[in-house]
Structures are given as structure tokens and as C-alpha cells.
Amino acid sequence: MIKLSVIIPALNEAGALPATLARVRLVWPEAEVIVVDGGSADATRRIARDDGARVRESEAGRGRQVRRGAAAASGDWLFFLHADTLVPLDGAALVEDFARENPTGVATFRLRFDSPHWFLRGCAWFTRFDTVWTRFGDQGILVSRAHYHHMGGFPEWPLFEDVEFLRRARRLSPVVSLPAAVVTSPRRFEATGHLRQQWRNARLLGRFLRGESPHSLAQFYLSRKIAGSRIAHETSVD
């Protein structure tokens, strides 16, 4: 059995974190769980400690937080998970099988939103394909600790650190889609509007892929004050 570290960046996630931690404990009872808090003003840190997770603190920004968690991890394999996302009940067997067969590979789960909305179901269906437009950190990212460091880890960017990490991974081998789905919150889509949020996400990603700085894009996104967006969470201190 592999030694797994589950790394969860969080910022004001007291509402979502208990369910996420409970599912992680159910699926991987022996895993090391590290919650990296970005300066929460709510009970996020207390909830994590009460659960038995190791708590580390960092400047806010998912790129910084996941790097801090990876540096603290002792597991041979790392699994990066968003704080509002539930891992699949059969995740342990799938991760174990992948780790045994792909010691230098990277994998994600597929994605399902906690919503029956047709548009979100359609978006989720495409996450089985490995492209820069369909594979992101909210699907969970699995990688061996050795391979993570070999690739240089996540960049300390305020935005698109997951896109860059997966691009690096693809230069070495395809990113594998594990045949099960994590379930994530639809809150950013519900706050902004399903089509509007997806259009804004696509525009930002397109600008990034054309070479714009993730730092300037983060400032642009924050200046638009898009309430409820997960990207706004990622960039809250920039």
C-alpha cells in the first residue's frame, strides 16, 4: 500500500471542509492529511485540527499553498484536493492501481458538479479527456513526490498554477484520467451564472495560453469583482 499525503489548500472554507475531510478519512483512513490555510477568518483551521489534519499556514493563493503543503508532506505520493470537493468512494483502489503501474505518471479524476444542471453535466463530461481546456486542479491531481519535485512543483502563481503543472507533466507523458469522478461545488457558476462563468474562464485561459502573465490576469479578474468565483479565492491576496 502506498503512503499517501492529501494536500488541501483552504481559505474561509469552514462550510465545505468538514465534508471534504470526512470523505478523505473514509476513503484513505491511513493517509496524511495536510490543510494549508491562506489566512482564513472563519473556523477553517480549527475544523482541520479537530479532524486530526496537519495544519500549515501560507500566504493566500493556491499556487503558494500547494507548494507549502508539498514541502511539508511525508508521503511517497501526493494528492492535491480542493477544499470543496469529495473524492470518489472507490478512490483508494484506483489510486493504488495507478501508483503501482505509473511510478512517474500524473493522474486526475474526472469531475462531477454537485448540481443536476444540464450545462454543468455537459462540462463535466469533457473532463475525461486530457487537454489544456478540460483538465484542472479541481479534479484532484495525483503524482509521486519524487516526480513532483522532478517537475519543479507548482509555480507560485496566483492563477493557472494547475494548468502550468499539468502542461509540464504532459511533456513527459499523458495525464491519465482515472475512471471515477470527484464531486465539486458549483458555487462559482451559481453565483455568476453558468454560461457567463464558463465564458469568463475560457477567456482568461485563452489569454494565459497566448502568453499573458498570470499575475496581470489575476489582477484583472479581481478588478471585475466576480463574487463567488473559485478563481477569486485563488487570488485573494494579489
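Above this note sits the structure.
A quick note: this is a predicted structure, and the numbers were derived from the prediction, not measured.

(A) Molecular detail of the overall build of the chain. The secondary structure content of the chain amounts to 11 helices and 8 strands. At 16 Å, the chain has a C-alpha radius of gyration in line with the 18 Å of a compact globule built from 238 residues. The principal-axis extents of the C-alpha atoms in the chain amount to approximately 45 × 40 × 35 Å. Counting over 238 residues, the chain shows a buried share of 55%. In the chain, of all internal contacts separated by at least 6 residues, the share reaching a separation of at least 24 is 74%. By element, 54% of the accessible surface of the chain is carried by carbon and sulfur atoms, the whole surface being about 10300 Å². The positive charge centre, built from 33 side chains, and the negative charge centre, built from 26, are 5 Å apart in the chain.

(B) Geometry of the pattern of salt bridges. Applying the stated criterion to the full structure yields 14 salt bridges. Two residues, Arg-25 and Asp-51, come together in a salt bridge whose shortest N-O distance is 3.0 Å. One end of the pair, Arg-25, is in helix α1 (residues 17–27); the other, Asp-51, is in helix α2 (residues 44–51), and 26 residues separate them in sequence. According to the relative accessible area criterion, Arg-25 is partly exposed, its value standing at 23%. Classification of Asp-51 by relative accessible area gives partly exposed; the value is 27%. The residue Arg-187 makes a salt bridge to Asp-84 at a minimum N-O spacing of 3.3 Å.

(C) Highlighting the pairing of strand β7 (residues 141–144). Of the two faces of β7, the one lined by Ile-141 and Val-143 and the one lined by Leu-142 and Ser-144 are each fully buried. The pairing of strand β4 (residues 77–80) with β7 spans 4 bridges and is antiparallel. Residue pairing for β7: Phe-80 is matched across the bridge by Ile-141. Strand direction decides the pairing type here: strand β6 (residues 106–113) and β7, joined by 3 bridges, are antiparallel. Bridge pairing in β7 links Ala-107 to Leu-142.

What counts and what doesn't
Residues numbered from 1 in each chain as written. Predicted model: local features only at pLDDT ≥ 70, side-chain atom pairs only at ≥ 80, totals over all residues. Heavy atoms only, no water. Helix = DSSP H or I, 4+ residues; strand = E, 2+ residues; numbered from the N terminus. Rg over C-alpha atoms; globule rule 2.2 N^0.38 Å. Buried < 20%, exposed > 50% of the residue type's maximum accessible area, 1.4 Å probe, protein only. Contact = heavy atoms within 4.5 Å. Areas by Shrake-Rupley, 256 points an atom, 1.4 Å probe, with all protein chains shown as cover. Lys, Arg positive; Asp, Glu negative; His and termini not counted. Charge placed at Lys NZ, Arg CZ, Asp CG, Glu CD. Salt bridge = Lys/Arg side-chain N within 4 Å of Asp/Glu carboxyl O. Pairing = 2+ DSSP bridges.

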